[in-house]
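Below, each chain spelled out in residue letters.
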Amino acid sequence: MFKINEDYLKLPGSYLFSTIAKKINAYQEENPEKALIRLGIGDVTQPLAPAIIEALHGAVEEMGNASTFHGYAPDLGYEFLRSAMAQNDYQVRGCDIKADEIFISDGAKGDSGNIQEIFAKNNKIAVCDPVYPVYVDTNVMAGRTGTYDPQTEKWSDVIYMPCTKATNFAPELPKEVPDIIYLCFPNNPTGSTITKAELQKWVDYANEHKAVIIYDAAYEAYITEADVPHTIFECEGARTCAIELRSFSKNAGFTGVRLGAAVIPKDIKSGDTTLHSLWARRHGTKYNGAPYIVQKAGEAVYSPTGKVQLKEQVAYYMNNAKVIYNGLKEAGYTVSGGVNAPYIWLETPKGMTSWDFFDFLLEKANVVGTPGSGFGPSGEGYFRLTAFGTYENTVAAIDRIKKA
Ligand code: MLT
């Protein structure tokens, strides 16, 4: 008789963005005449840049020709993409990351969910609160988080690092020492960042306690301030304690194309075993890899033309961030984020709960956002808006919110 993985039953509700999608669909079915503006999930709206389209076309042509056809991709991904990443994302910043330390994947959501598999069940994780829900949910599925208390909305075996107004929406070094620390900067959902000097403290802490940092750098392209690090490998000693996750979703608009990477330096070891070798084993055994045509599109992200076009695309979204930030401020909201990140984090007005405010905006302004409490208990009383809409919709949404 088969038995199910009962750890899945511990998960309260469905995945945050699935819950929101269901709510919106139900509302839209009841109100088909309402034109909703969706600034909820961080999904991009601008078409792929011409340099990327050109690379895709070229790769499709290659796949249609016997002499240039490609079958299975190499386990770690194609050398041309790993080298482009090693050089452009790391070596130009003075970071010692080599192409064979980069594992190409279909995105950071999968990598951030799967990476916990290479760690023993009795590792204790520390997460920011609020946090991208994938980190916690996947550890719940793996049976690593203990029991859930619906009162506090916390797991007994998870160390929560509150990121509140009092901490400038950044975590503080936890008193109880974790084994695995999840960090995401620029942060999803709060849009906050930390300086290189602050990140260095985390690297030193991890090395001192032999912990691993899983560093989600999905939003690094949105950094505008000079002292904010683009990668954890800018910090001294990160090679012995940090795994970095990269995504092409937000810097190049690949949410519908799918491409990402996990960077695992060969220096992170438990005894003689490297984490690199474990992830290589996993990748080789049960991951199909990203398609050749997609990896060619990824390579175009690093071409001179691709870089120029994507800079413009990021600037387009950051202009939306400014529209949201300034518009909400004018309307009397307390807002943060939006300077080094495509997310704006606002305090819900008049003591409304995050979900009350979600309903209010949906019904009164026909604008969709993400309730802060969906990211963790410290997100209660907050709300996230994304800058990934079109400019026209962003302006219209702020106008509607002001009127509501
Ligand atoms: C978000 O809205 O938090 C992100 O789009 C989710 C993701 O990238 O998976």
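The rules behind the values
Residues numbered from 1 in each chain as written. Predicted model: local features only at pLDDT ≥ 70, side-chain atom pairs only at ≥ 80, totals over all residues. Heavy atoms only, no water. Helix = DSSP H or I, 4+ residues; strand = E, 2+ residues; numbered from the N terminus. Rg over C-alpha atoms; globule rule 2.2 N^0.38 Å. Buried < 20%, exposed > 50% of the residue type's maximum accessible area, 1.4 Å probe, protein only. Contact = heavy atoms within 4.5 Å. Near = heavy atom within 4 Å. Polar contact = N/O pair within 3.5 Å; in protein donor to acceptor, adjacent residues only side chain to side chain. Areas by Shrake-Rupley, 256 points an atom, 1.4 Å probe, with all protein chains shown as cover. Nonpolar A, V, L, I, M, F, W, Y, C, P; charged D, E, K, R; others polar. Domains from an automatic or database assignment. Pairing = 2+ DSSP bridges. Axes fitted to C-alpha atoms, helices over the stretch in contact; angles between N-to-C directions. UniProt positions renumbered as here; feature names shortened; annotations may be inferred. Right-handed = clockwise from strand over helix to strand, strands pointing away. Left-handed = near helix turned anticlockwise from the far one by under 90°.

Draft legend 1. How the structure looks around the overall build of the chain. Within the chain, the secondary structure is distributed over 11 helices and 17 strands. Its C-alpha radius of gyration of 21 Å places the chain within 12% of the 22 Å reference for a compact globule of 404 residues. Judged by the C-alpha coordinates and their principal axes, the chain covers about 55 × 55 × 50 Å. Residues classed as buried in the chain amount to 54% of the 404 residues present. Taking as baseline every contact in the chain between residues at least 6 positions apart, the subset at least 24 positions apart corresponds to 72%.

Draft legend 2. A look at the site of the ligand. Around the ligand, the structure places Phe-17, Ile-41, Gly-42, Lys-109, Tyr-132, Asn-188, Tyr-219, Lys-250, Tyr-343 and Arg-384. At a separation of 2.8 Å, an oxygen atom of the ligand approaches a polar side-chain atom of Lys-250. In this structure, an oxygen atom belonging to the ligand sits 2.7 Å away from a side-chain N or O atom of Arg-384. Within the complex, the protein chains bury 85% of what would otherwise be the 270 Å² of accessible surface of the ligand. Taken together, the residues that form the shell around the ligand break down as five nonpolar, two polar and three charged. Both of domain 1 (6-47 + 307-403) and domain 2 (53-304) provide at least three residues apiece to the shell around the ligand.

Draft legend 3. Representation of the sheet that holds strand 2 (residues 102-105) in the model. Read across the open sheet, the seven strands follow the order 2-10-9-8-7-3-6; overall the sheet is mixed. One side of each edge strand has no neighbouring strand; the edge strands of this open sheet are strand 2 and strand 6 (158-162). On average, adjacent strands in this sheet sit at an angle of 20° to one another, irrespective of strand direction. The strands touched by helix 3 (residues 79-90) within the sheet are strand 2, strand 9 (242-247) and strand 10 (260-263), with strand 2 carrying the most contacts at an inclination of about 115°.

Draft legend 4. How the structure looks around the environment of Arg-144. Within the secondary structure, Arg-144 is located in the loop between helix 5 (133-141) and strand 4 (148-149). Under the relative-accessibility criterion, Arg-144 is labelled buried at 5%. Considering only alpha carbons, one finds Arg-144 and Trp-155, 11 residues apart in sequence, at a separation of 9.6 Å. When near neighbours in sequence (up to four residues on either side) are disregarded, Arg-144 contacts Gln-116, Phe-119, Ala-120, Lys-121, Asn-123, Ile-125, Asn-139 and Asp-157. Here the side chain of Arg-144 touches Ala-120 through a polar contact of 3.2 Å, landing on its backbone oxygen.

Draft legend 5. Examining the UniProt feature "modified residue: N6-(pyridoxal phosphate)lysine" (unreviewed entry) in the chain more closely. Residues annotated by UniProt as "modified residue: N6-(pyridoxal phosphate)lysine" (unreviewed entry) correspond here to Lys-250. Judged by its relative accessible area of 12%, Lys-250 falls in the buried class. Look past the residues within four positions of Lys-250 in its chain and what remains in contact with it is Gly-42, Ala-218, Tyr-219, Tyr-222, Tyr-343 and Phe-388. For Lys-250, the side chain forms a polar contact with the main-chain oxygen of Gly-42, separated by 2.8 Å.

Draft legend 6. Molecular detail of the pairing of strand 8 (residues 212-216). Across the five residues of strand 8, five count as buried, placing the element largely inside the fold. Both faces of strand 8 are covered, namely the face carrying Val-212, Ile-214 and Asp-216 and the face carrying Ile-213 and Tyr-215. Pairing of strand 7 (residues 180-184) with strand 8 involves five bridges; the strand directions are parallel. Considered in strand 8, the bridge of Ile-181 is made with Ile-213. One crossover worth recording links strand 7 to the parallel strand 8 by way of helix 6 (residues 196-209), and it is right-handed.

Draft legend 7. Quick look at the pairing of strand 7. Most of strand 7 sits out of view: five of its five residues are buried. The alternating pattern of strand 7 places Ile-180, Tyr-182 and Cys-184 and Ile-181 and Leu-183 on opposite faces, both of which are buried. Pairing analysis gives two bridges linking strand 3 (residues 125-129) to strand 7, with the strands arranged parallel. In the sheet register, Ile-125 faces strand 7, and the bridge partner there is Ile-180.

Draft legend 8. Examining the packing of helix 1 (residues 16-30) against helix 10 (residues 354-365) more closely. Running from N to C, helix 1 and helix 10 cross one another at 35°; their axes reach a closest spacing of 12 Å. Of the two elements, helix 1 crosses helix 10, and the hand of that crossing is right-handed. In this structure, helix 1 uses Leu-16, Thr-19, Ile-20, Lys-23, Ile-24 and Tyr-27 to contact helix 10, whose residues at the interface are Trp-355, Phe-358, Asp-359, Leu-362 and Glu-363. Partitioned by chemical class, the residues of the contact of helix 1 with helix 10 number seven nonpolar, one polar and three charged.

Draft legend 9. Region of interest: the UniProt feature "binding site: substrate" (unreviewed entry) in the chain. The UniProt record annotates "binding site: substrate" (unreviewed entry) at Tyr-15, Gly-42, Lys-109, Tyr-132, Asn-188, Asn-288 and Arg-384. In summary, the annotated positions, distributed over 370 residues, remain apart in three dimensions as well, the widest C-alpha pair reaching 33.8 Å. Of note, Tyr-132 is situated in the loop between strand 3 and helix 5. Residue position: Asn-288 is located in the loop between helix 7 (275-286) and helix 8 (292-300).

Draft legend 10. Local environment of the sheet that holds strand 16 (residues 370-371). Spatial strand order, 13-14-17-16: four strands in an open sheet with antiparallel pairing. Two strands close off the open sheet at either side, each with one partner strand: strand 13 (335-337) and strand 16. Bridge count for strand 14 (residues 343-347) against strand 17 (residues 382-386) is five bridges, and the pairing is antiparallel. Paired with Ile-344 across the two strands is Leu-385, which belongs to strand 17.

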